[in-house]
Amino acid sequence: MTFIRSYPELGICVGSLVLCAAGFVFLGHDGWPGALHECVATSTCYCEAGRAGAIAQPANTWSGLAFIAAGLAIAWHAGWARTTERPAPDNPLASTHLYPGLLALSVCLLGPGAMFFHASLTDWGGVLDIASMYLFLDFWLFYNLKRLYGWSDSTFLIAYVVATVAFTSPRLLSPAYGVPVFVVVATATLA
């Protein structure tokens, strides 16, 4: 019980990954449901030719495991820093559960987001992939705005959730809308 209290970020990440793994197995066990992504018809599916079978792009799919490992390492480090009494009171990433938890989760979910798309090459997989990227990019964009302008935790969370939904929404309409919005958000985050 002490471990769970000391490492809540790790517990949230592991629980989320177990749900993603169950979904991956359930949806992929008998052929992926849903319409194929438009890149299949044009043979432009991001770096690796699609193959027959349960995993259409194995290299791209399994490379998502690196993001999962990185997210778990971030989650573990957050708990370790607290239990070894190294908190930095002026840094929300080190002094709260919220920010390291969201960061760790957003990094962890980059893996399954990419894995669902590259394994299935479905349109809905593409939506999950871009949504996971927005979860990560939006974290940094709004975390930096929070630090710059002294936003409260609730202001940060509202902006983070609303922006992630708003940025993902155009991709629900068409894959063509996904790339321009993504470029704008990535540029804003880097700026």
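Because the structure is a prediction, the values reported are computed rather than measured. (Residues numbered from 1 in each chain as written. Predicted model: local features only at pLDDT ≥ 70, side-chain atom pairs only at ≥ 80, totals over all residues. Heavy atoms only, no water.)

1. Description of the overall build of the protein chain
Line of reasoning, step 1. When helices and strands are counted, the protein chain shows 10 helices and 0 strands.
Line of reasoning, step 2. When the elements of the protein chain are put in sequence order from the N terminus, they spell out α-α-α-α-α-α-α-α-α-α.
Line of reasoning, step 3. Against the globule reference of 16 Å for 191 residues, the protein chain gives a C-alpha radius of gyration of 18 Å, in line with a compact fold.
Line of reasoning, step 4. Along the first, second and third principal axes, the C-alpha atoms of the protein chain reach 55 × 35 × 20 Å.
Line of reasoning, step 5. Looking at the protein chain as a whole, 41% of its 191 residues qualify as buried.
Line of reasoning, step 6. Residue pairs in contact within the protein chain that sit at least 24 positions apart in sequence constitute 71% of those at least 6 positions apart.
Line of reasoning, step 7. Charge-centre separation for the protein chain: the mean point of 7 positive side chains lies 10 Å from the mean point of 10 negative side chains. (Helix = DSSP H or I, 4+ residues; strand = E, 2+ residues; numbered from the N terminus. Rg over C-alpha atoms; globule rule 2.2 N^0.38 Å. Buried < 20%, exposed > 50% of the residue type's maximum accessible area, 1.4 Å probe, protein only. Contact = heavy atoms within 4.5 Å. Lys, Arg positive; Asp, Glu negative; His and termini not counted. Charge placed at Lys NZ, Arg CZ, Asp CG, Glu CD.)

2. Some words on a nonpolar patch on the surface
Line of reasoning, step 1. On the surface, a nonpolar cluster with roughly 270 Å² of combined accessible area is contributed by Y46, V179 and V183.
Line of reasoning, step 2. As for its placement among the helices and strands, V183 is situated in helix α10 (residues 175–190). (Patch = residues over 30% accessible without salt bridge, like charges linked within 9 Å, V, L, I, M, F, W, Y side chains within 5 Å. Areas by Shrake-Rupley, 256 points an atom, 1.4 Å probe, with all protein chains shown as cover. Salt bridge = Lys/Arg side-chain N within 4 Å of Asp/Glu carboxyl O.)

3. Quick look at the packing of helix α2 (residues 8–28) against helix α5 (residues 64–83)
How two helices sit against one another is set out by the angle between their axes and by the gap between those axes.
Line of reasoning, step 1. Taken N-terminus to C-terminus, the directions of α2 and α5 make an angle of 155°; their axes are 7 Å apart at the nearest point. Judged on the interaxial angle alone, α5 and α2 are roughly antiparallel. Where α2 abuts α5, its residues P8, E9, L10, C13, V14 and L17 lie against I68, L72, A75, W76, A78, G79 and R82.
Line of reasoning, step 2. When the residues that make up the contact of α2 with α5 are grouped by side-chain class, the tally is 10 nonpolar, 1 polar and 2 charged. (Axes fitted to C-alpha atoms, helices over the stretch in contact; angles between N-to-C directions. Parallel < 35°, antiparallel > 145°, perpendicular 65-115°, else oblique. Nonpolar A, V, L, I, M, F, W, Y, C, P; charged D, E, K, R; others polar.)

4. Thoughts on the side chain of E48
Line of reasoning, step 1. Mapped onto the fold, E48 is located in the loop between α3 (38–42) and α4 (58–62).
Line of reasoning, step 2. R51 provides the closest opposite charge to the buried, salt-bridge-free E48, at an N-O distance of 4.0 Å.
Line of reasoning, step 3. Of the polar contacts made by the side chain of E48, one reaches the backbone nitrogen of A59; its length is 3.2 Å.
Line of reasoning, step 4. Ignoring anything within four residues of it in the chain, the contact list for E48 reads Q57, P58, A59 and N60. (Polar contact = N/O pair within 3.5 Å; in protein donor to acceptor, adjacent residues only side chain to side chain.)

5. Comments concerning helix α8 (residues 123–149)
Line of reasoning, step 1. For α8, which comprises 27 residues, the first-to-last C-alpha distance of 38 Å matches the rise-based estimate of 39 Å (1.5 Å per residue) to within 8%.
Line of reasoning, step 2. One or two residues past the end of α8 sits G150, with phi positive at roughly 65°. (Expected span 1.5 Å × (residues − 1).)

6. With respect to the pattern of salt bridges
Line of reasoning, step 1. In the structure shown here, the tally under the stated rule is 2 salt bridges.
Line of reasoning, step 2. A salt bridge links R171 to D123; the nearest nitrogen and oxygen atoms lie 2.9 Å apart. On the criterion of sequence distance, the pair formed by R171 in helix α9 (residues 153–173) and D123 in helix α8 is long-range, its members being 48 residues apart.
Line of reasoning, step 3. When the shortest N-O distance is used, the salt bridge between D153 and K146 registers 3.8 Å.

7. Focus on the confidence of the model for the protein chain
Line of reasoning, step 1. Of all residues in the protein chain, 96% have pLDDT values of 70 or greater, and the mean over the chain is 90.
Line of reasoning, step 2. The secondary-structure element of the protein chain with the lowest mean pLDDT is helix α1 (residues 2–6), recorded at 71, while helix α7 (residues 98–120) shows the highest, at 96. (pLDDT = per-residue confidence, 0-100.)

8. Examining the packing of aromatic side chains
Line of reasoning, step 1. With the rule as written, the count across this model stands at 18 aromatic pairs.
Line of reasoning, step 2. An angle of 50° between the planes, with centres 6.1 Å apart, marks the rings of W32 and W124 as tilted. Note that W32 is positioned in the loop between α2 and α3 and W124 in helix α8, a separation of 92 residues in sequence.
Line of reasoning, step 3. On the basis of relative accessibility, which here comes to 24%, the residue W124 falls in the partly exposed class. (Phe/Tyr/Trp six-rings, centres within 6.5 Å; stacked < 30°, edge-to-face > 60°.)

9. A look at the nonpolar core
Line of reasoning, step 1. By size, the foremost hydrophobic cluster in this structure holds 16 residues, and its most contacted members are C13, F24, W32, A75 and F116.
Line of reasoning, step 2. Of all the secondary structure elements, the ones that give two or more residues to this core are α2, α5 and α7.
Line of reasoning, step 3. With 7 residues, α7 is the largest single contributor of residues to this core.
Line of reasoning, step 4. Residue contacts for W32: discarding those within four places in its chain leaves F24, L27, A54, F116, A119, S120, T122 and W124.
Line of reasoning, step 5. Counting residues in each nonpolar core, the second largest holds 12 residues, with L103, F142, A159 and Y160 among its members. (Core = buried A, V, L, I, M, F, W, Y, C linked by side-chain atoms within 4.5 Å.)

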